Amino acid sequence: MDLSGRVAVIIGASGGIGSATARAFADAGATVVATWRGDQAGAETLVESLAGGPARGHLALPATIEETATLVALAATVEQRCGRADVLVNSSGFTRAIPHGDLDALDDAMIDRIFAVNWRGQFAAIRAFRPLLAAGGDGLVVNVSSIAGLNGAGSNIAYGAVKAGIDVMTKSLARALAPAIRVMAVSPGIVDTGFVPGRDAAANAKIAPSIPLQRVATAEDVAGAILACATLLPYSTGSTVLVDGGRALA
């Protein structure tokens, strides 16, 4: 699992899954670029805590997932300062809990924002980093999806729909970008982070008994699957790896 000499770009590194992924890749020897949107200090603190520290070349750089120009600038800065990018992890995302039957609450503005942050931005990031990822002949993209894209459940209908779109994007780009770039997706179920507003530890405790493995996922569970795409699954592309404790079986 040695990723020494590799550069991993984690978009959305300030989130629970993103920060756990940054730590996992740094522990495996990679140089990590952790992006931040509004919390520069938090991203810099994360970088300082990574294995090897800033001396290994870990960076905290700004990017706003729904603003393509910032992603293009990010790719240019990574090329300038790191000389390469081997792994791109799309872990940035946004949602809001909206009952599926409340069609009026899911208005056009919310639908557009969910699409921009959870699908369009991921595609734009891949487009921006494609030349760097292809240059080494062994690039990897890992998109963070959700079992909401499989079962139509989740925080709201639009979120489930865009995650289904992430799974389709993963398959389509795996064909289009092969053999120089592999494209994978990791699909969590419920994860013990603050990603869904209003879903706290008490809510997770109520849900846990309904999951076959009797617990919700940790951010580290998901990060481990993302790392596995880069280390243990070199002959896989276009696949979606479930990290849900069996919840999709219900």
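What counts and how
Residues numbered from 1 in each chain as written. Predicted model: local features only at pLDDT ≥ 70, side-chain atom pairs only at ≥ 80, totals over all residues. Heavy atoms only, no water. Axes fitted to C-alpha atoms, helices over the stretch in contact; angles between N-to-C directions. Helix = DSSP H or I, 4+ residues; strand = E, 2+ residues; numbered from the N terminus. Parallel < 35°, antiparallel > 145°, perpendicular 65-115°, else oblique. Left-handed = near helix turned anticlockwise from the far one by under 90°. Contact = heavy atoms within 4.5 Å. Nonpolar A, V, L, I, M, F, W, Y, C, P; charged D, E, K, R; others polar. Core = buried A, V, L, I, M, F, W, Y, C linked by side-chain atoms within 4.5 Å. Buried < 20%, exposed > 50% of the residue type's maximum accessible area, 1.4 Å probe, protein only. Expected span 1.5 Å × (residues − 1). Polar contact = N/O pair within 3.5 Å; in protein donor to acceptor, adjacent residues only side chain to side chain.

A. Broad picture of the packing of helix H4 (residues 108-135) against helix H6 (residues 157-177). It is the contact of H4 with H6, at a shortest axis distance of 9 Å, that shows an interaxial angle of 15°. Classified by the angle between their axes, H4 and H6 sit roughly parallel to one another. Of the two possible hands of crossing, H4 and H6 adopt the one that is right-handed. Contacts between H4 and H6 involve Ile111, Ile114, Phe115, Asn118, Trp119, Gln122, Phe123, Ile126 and Arg130 from the first element and Ala158, Tyr159, Val162, Lys163, Gly165, Ile166, Met169, Leu173, Ala176 and Leu177 from the second. In terms of residue class, the contact of H4 with H6 is built from 14 nonpolar, 3 polar and 2 charged.

B. Local environment of the nonpolar core. Core analysis: the biggest nonpolar cluster contains 37 residues, and Val9, Leu74, Val78, Leu88 and Phe129 have the highest contact counts within it. The leading source of residues in this core is H4, at 10 residues. Among the nonpolar cores identified, the runner-up in size contains 34 residues, and Ala30, Leu46, Val142 and Ala225 belong to it.

C. View of H6. Taking 1.5 Å as the rise per residue, H6 with 21 residues should run 30 Å; its terminal C-alpha atoms sit 30 Å apart, in good agreement. At the N-terminal end of H6, a side-chain oxygen is found 3.1 Å from the backbone nitrogen of Ala158, two or three residues along, and the residue is Asn156.

D. Main features of unusual backbone geometry. Pro179 follows Ala178 through a cis peptide bond whose omega is 0°. Non-glycine residue Gln214 carries a positive phi angle of around 65°. Tracing the backbone through its elements, the reader meets Gln214 in the loop between helix H7 (201-207) and helix H8 (219-231). Classification of Gln214 by relative accessible area gives exposed; the value is 51%.

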